[in-house]
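For reference, the chains in residue letters:
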Amino acid sequence: MSSSSAAPGREDGNGAAAAADAAGGRPPMREALVAAAFRLFLERGYEQTTIDDIVALAGVGRRSFFRYFPSKEDVVFPDHERCLADMTAFLAASPEDADPVARVCDAARLVLRMYAENPDFSVQRYRLTKKVPGLRAYELSVVWRYERALAEYLRGRLGGRPDGTLEADVIAAAVVAAHNNALRSWLRSHGRKDAGAAVDHALRYAQSAFGGAPTPPPADEQGDVVVVVARRGAPLWQVVREVEAAFAGD
């Protein structure tokens, strides 16, 4: 992510600041704050950087910072609130006949999309978070909110089953774990691997483990489809023999 080199300037309201940024070719104020923060975090360290340092480099006042970010931790995770809102809206718009397990897997892909929009920033944040215990704790709280959103949707769909609430919570946790396993692998590769393929593979695993119809693998990974026709009431040994005969040429 590029760093901001804006000089300190006067305080403006949101609309005026946005207009001035557009006219002067500067990044929007929110982006400028994030860029300034990460530049200072890398140069000085997270703990040594204050909010006053960030706003001075971004060229805005403290009030502007708090319009966008409740705390210094929030500037490290600037897009999670938007992503969580998108996920909640996506789940709320689910068709009644949607496979609930497939639906939460698709919701998890929205998080991947957020990370993949800016790989350099995502990798930079991953490295920073690994070094700062407070940021790791904050990140865990964010992950828990995603998991809770998935679980609440699943409870609404599965709550009428025996152990439906337990099933919903376990599925939500598994989907988040599968997504995060693939996401961390991509981040450790410095964003060079195919994030989409890794997350799809992990989510197919979670989806198949909990009885949902798994997303088909890519065409080049699919084999031939064999259909065996048997009479109703045919003995199992006869059906097995038909299947064996169908694969005899492989």
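These numbers come from a predicted model, not from an experiment. (Residues numbered from 1 in each chain as written. Predicted model: local features only at pLDDT ≥ 70, side-chain atom pairs only at ≥ 80, totals over all residues. Heavy atoms only, no water.)

Trainee: Could you give an account of unusual backbone geometry, with specific residues and numbers?
Mentor: In this model, Asp163 sits at a positive phi of 60 degrees, which is unusual for a non-glycine residue. Within the secondary structure, Asp163 sits in the loop between α9 (133-158) and α10 (164-188). In this structure, His190 takes a positive phi of about 65 degrees despite not being glycine. Relative to the assigned elements, His190 resides in the loop between α10 and α11 (195-209). (Helix = DSSP H or I, 4+ residues; strand = E, 2+ residues; numbered from the N terminus.)

Trainee: Describe the confidence of the model for the protein, listing the residues and the values that go with them.
Mentor: In this model, the protein carries a mean pLDDT of 82, and residues with pLDDT of at least 70 account for 73%. Taken element by element, the protein is modelled with least confidence in helix α1 (residues 14-24), mean pLDDT 42, and with most confidence in helix α3 (residues 51-58), mean pLDDT 96. Between residues 1-25, whose pLDDT stays under 50, and residues either more than four places distant or in other chains, the model counts 40 contacts. (pLDDT = per-residue confidence, 0-100. Contact = heavy atoms within 4.5 Å.)

Trainee: Quick rundown of the packing of aromatic side chains? Include the residues and the values.
Mentor: Counted under the stated rule, the structure contains seven aromatic pairs. Their ring planes at 65 degrees and their centres at 5.6 Å tell us that Phe38 and Phe41 sit as a pair that is edge-to-face. Highlighted residues: Phe38 and Phe41, both in helix α2 (residues 29-44), separated by three residues, approximately one helical turn. Summarising the burial analysis for this pair, Phe38 and Phe41 share the class buried. Ring geometry for Phe65 versus Phe66: centroids 5.4 Å apart, planes at 80 degrees, classification edge-to-face. Here the aromatic residues Phe38, Phe41, Tyr46 and Phe121 are joined through ring pairs into a cluster of three or more. Its end group placed over the ring of Tyr46, Lys72 keeps NZ or CZ at 4.2 Å from the ring centre. Note that Arg103 overlies the ring of Phe90, its terminal NZ or CZ placed 3.7 Å from the centroid. (Phe/Tyr/Trp six-rings, centres within 6.5 Å; stacked < 30°, edge-to-face > 60°. Buried < 20%, exposed > 50% of the residue type's maximum accessible area, 1.4 Å probe, protein only. Lys NZ or Arg CZ within 6 Å of the ring centre and 35° of its normal.)

Trainee: Which residues make up the pattern of salt bridges, and what values go with them?
Mentor: Tallied over the entire structure, the rule returns 11 salt bridges. Ionic pairing is found between Arg39 and Glu43, a salt bridge with its closest N-O pair at 3.2 Å. Remark: Glu43 and Arg39 occur in helix α2; sequence separation between them is four residues, near one turn of the helix. Residue classification places Glu43 among the exposed residues on the basis of a relative accessible area of 53%. In this structure, Arg161 engages Glu167 in a salt bridge whose closest nitrogen and oxygen atoms are separated by 3.1 Å. With a relative accessible area of 46%, Arg161 lands in the partly exposed category. By relative accessible area, Glu167 is classed as partly exposed at 24%. Salt bridges sharing partners connect three or more residues here, namely Arg82, Asp86 and Glu117. (Salt bridge = Lys/Arg side-chain N within 4 Å of Asp/Glu carboxyl O.)

Trainee: Pulling in residues and values, what's your account of a positive patch on the surface?
Mentor: Positive charge collects at one region of the surface, where Lys130, Arg184, Arg188 and Lys193 lie side by side. If you trace the backbone, Arg188 turns up in helix α10. (Patch = residues over 30% accessible without salt bridge, like charges linked within 9 Å, V, L, I, M, F, W, Y side chains within 5 Å. Areas by Shrake-Rupley, 256 points an atom, 1.4 Å probe, with all protein chains shown as cover. Lys, Arg positive; Asp, Glu negative; His and termini not counted. Charge placed at Lys NZ, Arg CZ, Asp CG, Glu CD.)

Trainee: Break down the packing of helix α7 (residues 100-116) against α9 for me, with residues and values.
Mentor: At their nearest, the axes of α7 and α9 sit 10 Å apart, and the two run at 155 degrees to each other. With respect to their mutual orientation, α7 and α9 come out roughly antiparallel. Judged by the twist between their axes, the crossing of α7 over α9 is right-handed. Facing Pro100, Arg103, Val104, Ala107, Val111, Met114 and Tyr115 of α7, the residues of α9 in contact are Glu139, Tyr146, Leu150, Tyr153, Leu154, Arg157 and Leu158. Grouping the constituent residues of the contact of α7 with α9 by class yields 11 nonpolar, no polar and three charged. (Axes fitted to C-alpha atoms, helices over the stretch in contact; angles between N-to-C directions. Parallel < 35°, antiparallel > 145°, perpendicular 65-115°, else oblique. Left-handed = near helix turned anticlockwise from the far one by under 90°. Nonpolar A, V, L, I, M, F, W, Y, C, P; charged D, E, K, R; others polar.)

Trainee: Could you give an account of the environment of Ala98, naming the residues involved and the relevant values?
Mentor: Structurally, Ala98 is set in the loop between α6 (80-92) and α7. Between the C-alpha atom of Ala98 and that of Arg157, which follows or precedes it by 59 residues, the distance is 9.8 Å.

Trainee: Describe helix α8 (residues 119-131), listing the residues and the values that go with them.
Mentor: In a regular helix each residue adds 1.5 Å, so 13 residues correspond to 18 Å; α8 covers 19 Å between its end C-alpha atoms and thus fits that length. Inspection of α8 places Phe121, Ser122, Val123, Gln124, Arg125, Tyr126, Leu128 and Thr129 among the buried residues, and these make up the whole buried set. Tucked into the core, α8 has its buried residues touching α2, α5 (72-76), α6, α7, α9 and α10. (Expected span 1.5 Å × (residues − 1).)

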